[in-house]
Amino acid sequence: MPNIVIVGAQWGDEGKGKVIDIFAAKSDYIVRYQGGNNAGHTVVVGDDSFILHLIPSGILHKGKVCVIGNGVVIDPKALLEEIEMLAKENVSVEGRLFVSEEAHVIFPYHRTLDELKEQKKKKIGTTKRGIGPCYADKVARSGIRVIDLLEEDTLRDKLQANLDEKNPILSRIYGTDEIAFEALYNEYLEYGRRMRKYVCNTKRLLNDAIRKRKRILFEGAQGTLLDVDYGTYPFVTSSNSTAGGASTGTGVGPTKIDKIVGVAKAYTTRVGEGPFPTEFGPDLMEKIRQKGKEFGATTGRPRRCGWFDAVVVGHSIMVNGIDEIVVTKLDVLDDLDSIKICKGYRYNGKIYTDFPSSIKVLTGCEPVYEELPGWREDTTKVTSYDRLPKNAKNYLKKIQSILKTKIALISVGSDRNQTFSKGA
Ligand code: GDP
Ligand code: IMO
Ligand code: MG
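The paragraphs below set out a description of the structure included in this document. (Residues numbered from 1 in each chain as written. Chains lettered and ligands numbered in written order. Predicted model: local features only at pLDDT ≥ 70, side-chain atom pairs only at ≥ 80, totals over all residues. Heavy atoms only, no water.)

1. Concerning the site of ligand 2
Threshold: The nearness test applies per residue and asks whether one of its heavy atoms lies within 4 Å of the molecule or strand. Within 3.5 Å is the distance limit for a polar contact, defined as a pair of N or O atoms, with the added protein rule that one can donate a hydrogen and the other accept it, and that residues adjacent in sequence qualify only through two side-chain atoms. Using the Shrake-Rupley algorithm and a 1.4 Å probe, accessible areas are obtained, with residue cover drawn only from the displayed protein chains. Under the convention adopted here, Pro, Cys and the residues Ala, Val, Leu, Ile, Met, Phe, Trp and Tyr are nonpolar, Asp, Glu, Lys and Arg are charged, and Gly plus all remaining residues are polar.
Taken together, the neighbourhood of ligand 2 is formed by 20 residues, with Asp13, Lys16, His41, Thr127 and Thr237 sitting nearest. A distance of 2.8 Å separates an oxygen atom of ligand 2 from a polar backbone atom of glutamine 222. Compared with its free state, where it exposes 550 Å², ligand 2 has 97% of that area covered by protein. Of the residues in the shell around ligand 2, the class split is seven nonpolar, ten polar and three charged.

2. Notes on the environment of glutamate 118
Note the cut-off: Note on conventions: DSSP H or I runs of at least 4 residues are helices, E runs of at least 2 residues are strands, and numbering of each starts at the N terminus. Every residue pair with non-hydrogen atoms within 4.5 Å of one another is taken to be in contact.
With respect to the helices and strands, the residue glutamate 118 is situated in helix α3 (residues 108-118). Residues glutamate 118 and alanine 103, spaced 15 residues apart in sequence, show a C-alpha to C-alpha distance of 25 Å. Beyond its immediate chain neighbours, meaning those up to four positions away, glutamate 118 contacts Lys123, Ile124, Gly125, Thr126 and Lys128. Here isoleucine 124 takes part through its backbone nitrogen, which lies 3.1 Å from a polar atom of the side chain of glutamate 118.

3. Some thoughts on the sheet that holds strand β20 (residues 419-421)
We count it as follows: At least two bridges found by DSSP between two strands is the condition for calling them paired.
Spatially, ten strands are ordered β9-β7-β5-β2-β10-β1-β11-β15-β19-β20 in an open sheet, and the strand pairing comes out mixed. The outermost strands of the open sheet, each flanked by one partner alone, are β9 (199-200) and β20. Inspection of the sheet shows strand β2 (residues 29-32) paired to strand β5 (residues 65-68) by four bridges, in the parallel sense. If you follow isoleucine 30 over to β5, its bridge partner there is cysteine 66.

Spelled out as structure tokens, the structure:
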């Protein structure tokens, strides 16, 4: 199997964790390339359910190498806690977890600034993990990287400079407490000591692995519509969650990537603020939210739910160069009499089939739907495409024909086994 990127084709939570776990069986390295512990990737193995925030979802497969690339922002406390959580479940990361020296580090002031900004009326609905402020420092060239945690004097200088800048913002603009240097410096030096054994030049590690014909799986976090360039800006995260991020976020050149797989739910969800053209009204919202257990894996917030939006997924196919898609959570639609697919947006008499850049258009538009009959049968025990109810097959065929992209896999439950290929 070649080197593959798995990317979310909607607003995140598409079931990437489950798909990564399946693809990981045939991979050697599983690599996170962007985002941080704003992600929550669920992997269900028999009776056990794991939610991974920073460590690649391949970690549950014994012997697989897991890498956190330079494009990720790392909260060291969250990382060390996740390592401990896994150890308690008898999953050891020792000798097979590698963290990039160049990944940027999240500090408490990033989390505080994230929270303070979110108190405003016009909020984004972030996970409050400090992701945006950390990436902002990276781009402003004042960020602190993992390598800096390993050099006492570098950390001292950089942290002092950052606090000199952040403390007046905290006290004078937001009227909150300033952060004391010494305790924070010692805390992060200690994180550095505990992380040291995992830290290395991960771009060398990955490129050497590719030369040895090892198979690399790139694990996208968030989704295309949360990408800082291609998403519903400003209601997005602060990284490139699209496939291009796999290259810039790991140091593996684009020519070394062979395939892009997009993951899409059979309907749509989003957490946080921002436009969502196919969002359900209250009754269907509640029904699908309960059936699909649509509550955030990171923050526990109820997810907003809506019909499948082919404009959204079509946009994702284009900007990621998606070769094939995996459709998850088909089973959640089992009880519906009829099901809608959005094929375009109507705004001011104009039909949009390309995803509009304007938040005004996205907020004010009317979705143009095609309605299909439901199947009203339990699909959770179906183990092959042929055994799916006729109307479920028709629904998938319709999605495939609108998107002109192959559906490779179909998922009808959270367990590894509740997955099958669509076939030709
Ligand atoms: P991720 O962030 O893309 O990895 O997705 P999350 O883990 O945040 O959310 C997906 C949720 O759906 C998880 O609870 C999964 O266990 C669950 N899930 C994945 N695939 C299926 C499926 O086909 N059917 C059902 N009912 N649940 C699924
Ligand atoms: P996974 O990897 C769904 C959303 C937040 C908010 C916006 C910005 O599990 O699919 P941030 O904290 O990143 O600054 O928040 O992005 N968001 C996600 N939504 N799944 C995620 O990750 C998300 N990560 C961030 O809800 O709207
Ligand atoms: Mg998630």
